[in-house]
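# An overview of the molecular structure
The chain contents come next:
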Amino acid sequence: QVQLVESGGGLVQPGGSLRLSCAASGSAWRINVMGWYRQAPGNQRVLVATITSTGTANYSDSVKGRFTISRDNAKNTVYLQMNSLEPEDTADYYCYTKMVVPLDNSEIGYWGQGTQVTVSS
């Protein structure tokens, strides 16, 4: 049973910082991409950032230069350092990972339960 456990959300003032963490457990399959998505009330879930197992990162335009994604492969953990937070960053943030099925090298995606980030004065 694959589990993605997120932590680090909360309330922060505009201009502040938060660091999200997500640890994957419950499977020996190789983890390929890890990432973060977010969903604001009334909106669709959208990409924030992803990172491959070799460290190649991809960001949405709205967070480039403010957010940094990183991962610790030994701990199966992905992080999202969020700086210069804006009220528009308020959303539920979801961890996402793709694992490789050994039998055929296909990929299966898994989601975390979400952690809330609120940027408000």
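Heads up: the structure comes first, above all this text.
Overview of the structure. Since the model is a prediction, treat every value here as computed from it, not as a measurement.

Rules of the game
- Residues numbered from 1 in each chain as written.
- Predicted model: local features only at pLDDT ≥ 70, side-chain atom pairs only at ≥ 80, totals over all residues.
- Heavy atoms only, no water.
- Disulfide = S-S within 2.5 Å.
- Helix = DSSP H or I, 4+ residues; strand = E, 2+ residues; numbered from the N terminus.
- Salt bridge = Lys/Arg side-chain N within 4 Å of Asp/Glu carboxyl O.
- Buried < 20%, exposed > 50% of the residue type's maximum accessible area, 1.4 Å probe, protein only.
- Pairing = 2+ DSSP bridges.

For the structure shown, the criterion picks out one disulfide. Residue pairing for cysteine 22: its cysteine sulfur links by disulfide to cysteine 95, the two sulfurs lying 2.0 Å apart. Judged by the sign of its S-S torsion, about -80°, the bond between cysteine 22 and cysteine 95 is left-handed. Residue cysteine 22 is located in strand E3 (residues 18-25), and its partner cysteine 95 is located in strand E9 (residues 91-100); the two are separated by 73 residues in the primary sequence.

It is worth spelling out the pattern of salt bridges at this point. Side chains carrying opposite charge are able to pair once their charged atoms draw close together. For the coordinates displayed, the defined rule picks out five salt bridges. We note a salt bridge from lysine 64 to aspartate 61, for which the minimum N-O separation is 3.2 Å. Residue aspartate 61 is classed as exposed on the basis of its relative accessible area, which comes to 65%. Among the salt bridges present, the one from glutamate 86 reaches arginine 66, with a minimum N-O distance of 3.9 Å. Taken as a pair, glutamate 86 in the loop between strand E8 (77-82) and E9 and arginine 66 in the loop between strand E6 (57-59) and strand E7 (67-72) lie far apart in primary sequence, 20 residues in all. On the basis of relative accessibility, which here comes to 33%, the residue glutamate 86 falls in the partly exposed class. Residue class for arginine 66 comes out buried when judged on its relative accessible area of 12%. What you see here is one network of salt bridges that share partners, running through Arg38, Arg66, Glu86 and Asp89.

What follows deals with the pairing of E9. Counted residue by residue, E9 has eight buried out of ten residues, so it is predominantly covered. Note that strand E4 (residues 30-39) and E9 share eight bridges and pair antiparallel. Across the sheet, residue glutamine 39 finds its bridge partner in E9, namely aspartate 92. Where E9 lies against strand E11 (residues 115-119), three bridges are found, and the strand directions are antiparallel. Directly across from aspartate 92, in E11, lies its bridge partner glutamine 116. Bridging between E9 and strand E10 (residues 107-111) involves five bridges; their strand directions are antiparallel. The residue bridging tyrosine 96 from the neighbouring strand is tryptophan 111, located in E10. Here E9 folds back onto E10, and the loop between the two strands holds six residues, one of which, asparagine 105, carries a positive phi near 60°.

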